[in-house]
Structure formats: structure tokens, C-alpha cells
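# Structure assessment
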Amino acid sequence: MTPAPEPVHDGVLRVTLPLPTRPGHVHAYLLEGDDGWTLVDTGLGLPDAGERWAETLTGLDVRRIVVTHMHPDHVGAARDVRDLTGAEVLEGEVDYAQCRLVWGNPEWPKRIAAWFLANGVPAAVANELLEVGFVYAPFIRYAEEPAALVPGQLVDGWEAVPMPGHSDGQICLLKDGVLIAADHLLAPISPAVGLYPESRPDPLGDYLDSLERTIELDARLALGGHGAAIEDPSERARELIEHHRVRLARTAASLSDDPRSGYQVSLTLFGRDLKPAAQRFAVAETLSHLERLVLQGAAARADADGLVTYTAA
Ligand SMILES: [Zn+2]
């Protein structure tokens, strides 16, 4: 069963696809142009993704596919839709490099598991990544050798606007005050902003800068990858800045002279009662806040015997 694309703005259709993990759905968007349609994001590469897209796109001439960022629920079915439509795939260069590094690299599950261990995560939680790494692989069918999506480039009248933070290479699209926001701006959930190995050093700093630029853009509508349309994007950006200000303060308050790992701090911030996958998200999110505090001079990082710890500075 595939719900029909739903009009959400002039010339913009929203396609809501299932996601087996939280938040249970992901939105892709179809943008109408003079010569056909631009599809933004592709959903997770579930086994029936190709059939689902064939049904959804019946009668629509898709000329290009924009991948906003390399997370599985956005890039996962890119190859299926490209094969189906013959359309060109556009993806930012930073993003595609990370996409290959993570999903095109059989060594990655080991690399990231070791990194979580170094941040104090218990072996059982870190090592589960080695198993799920292989379970997820078939659902991430990214398109190889995409055309480069360059910041500032116009894609059928939509401007490519980089919004790093949720992921380093995330690119949104903007036209006439309408922002196709990917996972940069969401409501009611807050976009995850985590630190990961091989990522930019200060994802939360990047994110807060992107939120400031969002306020400057003064868009009148943001359409995100999950949840509801956002009628006041600047106001939502302000709320998210405040959300992280509070979390930064709580993170700083959890530090003392006694060295604590990112995992230990995450237990203070997010509690212990989380499944392994949620625990890892919590640790990555905690680390992005700890690293921001280090850059602000409010925390210090030490690395001894393969364990990374933080103290108040
Ligand atoms: Zn997403």
C-alpha cells in the first residue's frame, strides 16, 4: 500500500515512506519544474522500495534526484529510483565522500565500534554495531558517482543551501521562501547532532551556525524529512538554539575534576534506560556537546590508554 503524493505547497508534493525504526516514517519531496520533476530524497532501501517508487511515480516524469544527506532513510533507495527513472542523482561532494566511507566500506563497523569503545561505551553496546552493520547494509543502496551538488547551485530554480550539523554535508533547497529542509529543521522532534569518527570536529558548532543562517534566510515554510511542516522556520531555529543552549549547560554541569567518558556523561543527560541503538545516539549527541564545550574553554579532553575522558576546565 503506497499513499499518493500529497500536495503541501504550490508545485511541491510530499511522499511519506515507512521506516522500521523511530520516528516510523520519512518524507521525500517532489518539486515540479518546467521540464519535469525533481525528487528530493529516496527513503530507506527496503526490499519493496523500487516497487513502491514505481507506483508512486506513475505518470510523473522525474528528471533529477537530489540526495540531501547520506543517512540511510534519505539515501537508501537512491539506486532503485535512479534505475527506475534514469534520472541523474545529485549529491554534495562532502556528503558523498562520507556516504562511501561509511556505507561503501566493509571496515566501517569495526572502526565505529572501536571509536565507541574509546568513548567508554560498554563492549556489548559497541559490539552490537558489528552485527547491525551487516544487517543494515542491504537497505542502503546509494547511487554511485552522483553529479556534484554544489553550494549555491540552482537545481531547476531551487538554490542548494548547505546546512551542516545533523550531518557534515547536508544540503537543503530554497526557493521563494520555501526551504526543503532535510533533517536540518524538524518539528516536533529535534534533529540529532552527533559527533562521529571522521566527521567534522565540531558538529554542534556547525549546527548552531546553520540555525543562525536559517534565521537570516527568513523562510516562510520549511518542509523537513520527518514530522510536520514548519510554518515559522526562524522561530523553530530559535527554539532549537535554546534547546542546545540548555543541553550545553546541563552537559557542563555534569563535569568536574573527576574524568568522565562521553558514555558516562550521556547517562547523566539521557538516562540508562535506552536500547543499544538509542544509547549510541545519546553518546554521539553528548560528545558533540562536550566537544563544543572544549572549544568554548569550558571543558578539557584527555586521551589516556585508549580512553577519551572529559573534565571541567
Ligand atoms: Zn532522516
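Attention shifts here to the overall build of the chain. When helices and strands are counted, the chain shows 10 helices and 15 strands. Relative to a compact globule of 313 residues, whose C-alpha radius of gyration would be 20 Å, the chain shows 20 Å and is just as compact. Its C-alpha atoms put the chain at 65 × 40 × 30 Å along the principal axes. In the chain, 65% of the contacts between residues at least 6 apart in sequence involve partners at least 24 apart. Put simply, the chain has 26 plus and 46 minus side-chain charges, and the middle of one group is 5 Å from the middle of the other.

Judged by nonpolar contacts, the single largest core of 72 residues is most densely connected at Leu30, Leu39, Trp53, Val62, Phe116 and Leu185. The element that contributes the greatest number of residues to this core is helix α5 (residues 108-118), accounting for five residues. Leave out the neighbours within four places in its chain, and Val62 touches Leu30, Trp37, Leu39, Leu57, Thr85 and Ala87. Formed by 16 residues, the second largest nonpolar core is a distinct cluster that contains Leu90, Trp158, Leu221 and Leu223.

As a further point, take the sheet that holds strand β3 (residues 25-33). Here we have seven strands laid out as an open sheet, ordered β1-β2-β3-β4-β5-β6-β7, and mixed in their pairing. Looking along the sheet, the strands with just one partner apiece sit at the ends: β1 (6-9) and β7 (147-148). The pairing of strand β5 (residues 62-67) with strand β6 (residues 88-91) spans four bridges and is classified as parallel. By the bridge assignment, Ile65 is partnered in β6 with Val89. Against the sheet, helix α4 (residues 93-103) makes contact with β5, β6 and β7, and its axis sits at roughly 100° relative to β6, the strand it touches most.

Taken together, the protein donors to the zinc ion comprise Asp73 (OD), His74 (NE2), Asp183 (OD) and His226 (NE2), at separations of 2.0 to 2.3 Å. Each of the four donor atoms around the zinc ion contributes to a set of angles spanning 85 to 163°, which defines the coordination as irregular. Each donor residue of the zinc ion lies on one chain, and together they are spaced D-H-x108-D-x42-H. Separated by 110 residues along the polypeptide, Asp73 in helix α2 (residues 72-75) and Asp183 in the loop between β11 (178-182) and α7 (203-217) bring together distant segments of the chain. An identical accessibility class is assigned to Asp73 and Asp183; each is buried.

Before going further, it helps to spend a moment on the environment of Ala237. As for its placement among the helices and strands, Ala237 is situated in helix α8 (residues 233-253). Filtering out sequence-adjacent residues up to four positions away, Ala237 remains in contact with Leu185, Leu211, Thr214 and Ile215.

This part takes up the sheet that holds strand β8 (residues 154-155). Across the sheet, five strands lie side by side as β8-β9-β10-β11-β12; this open sheet has mixed pairing. Edge positions in the sheet fall to β8 and β12 (221-224), since each has one partner strand and no second. Summarising the sheet, strand β10 (residues 171-175) and β11 pair through three bridges and their orientation is antiparallel. Paired with Leu173 across the bridge in β11 is Ile180.

Our focus in this paragraph is the pattern of salt bridges. If you walk through the whole model with that rule in mind, you get 16 salt bridges. Residue Arg64 pairs with Asp156 through a salt bridge whose shortest N-O separation is 3.7 Å. Placement of the pair is Arg64 in strand β5 and Asp156 in the loop between β8 and β9 (158-162), with a sequence separation of 92 residues. Taking the relative accessible area as the measure of exposure, Arg64 reaches 14% and is therefore buried. Close ionic contact of Glu198 with Arg111 constitutes a salt bridge, the shortest N to O distance being 2.9 Å. Separated by 87 residues along the polypeptide, Glu198 in the loop between β11 and α7 and Arg111 in helix α5 bring together distant segments of the chain. Glu198 sits in the partly exposed class, given a relative accessible area of 48%. Judged by its relative accessible area of 34%, Arg111 falls in the partly exposed class. Counted as one network, the salt bridges with shared partners bring together Asp35, Arg64 and Asp156.

Turning our eyes to something else, we now look at helix α3 (residues 78-85). Among all positions of α3, only Ala78, Asp80 and Val81 are buried. Within α3, the buried residues cover an arc of 165° as seen down the axis, which keeps them to one side. Looking at the buried residues of α3, the elements they touch are β4 (36-40), α1 (49-56), β5 and α2. Once α3 finishes, Gly86 follows within two positions and takes phi at roughly 75°, a positive value.

So, how was this worked out
The residue count restarts for each chain, going from 1 along the sequence in the order it is written. Local features are withheld for residues below a pLDDT of 70 in this predicted model, meaning they are given only at 70 or higher, and side-chain atom pairs are given and counted only at 80 or more; totals for whole chains, interfaces and linings count all residues. Only hydrogens and water are set aside; all other atoms, that is, all heavy atoms of the structure, feed into the side-chain values. Each helix corresponds to a stretch of at least 4 residues labelled H or I by DSSP, and each strand to a stretch of at least 2 residues labelled E; elements are numbered beginning at the N terminus. As a reference, a globule follows 2.2 Å times the number of residues to the power 0.38, and the radius of gyration itself is taken over C-alpha atoms. Two residues qualify as a contact provided that any one of their heavy atoms is within 4.5 Å of a heavy atom in the partner residue. In this tally Asp and Glu are treated as negative and Lys and Arg as positive; neither His nor the chain ends contributes. Just so you know, the charge point we use is NZ for Lys, CZ for Arg, CG for Asp and CD for Glu. As used in this record, nonpolar core signifies buried Ala, Val, Leu, Ile, Met, Phe, Trp, Tyr and Cys residues forming a set joined through side-chain atoms within 4.5 Å. With a 1.4 Å probe rolled over the protein chains alone, any residue whose accessible area is under 20% of its type maximum counts as buried; one over 50% counts as exposed, and the rest are partly exposed. A strand pair is defined by DSSP finding two or more bridges across the two strands. Under this scheme, a helix contributes an axis fitted over its contacting stretch, all axes are lines through C-alpha atoms, and angles between N-to-C directions fall in the 0 to 180 degree range. Sodium, potassium and calcium take a 3.2 Å donor cutoff, other metals 2.8 Å, and in both cases only N, O and S atoms count; water is not among them, so sites may look incomplete. Only four donors with every angle between 85 and 135 degrees are called tetrahedral; only four or six donors with opposite donors over 155 degrees apart and all others between 65 and 115 are called square planar or octahedral, in that order; all others are irregular. We define a salt bridge as a side-chain nitrogen of Lys or Arg found within 4 Å of a carboxyl oxygen belonging to Asp or Glu. Relevant arc is that of directions from the helix axis to the C-beta atoms, nothing else.

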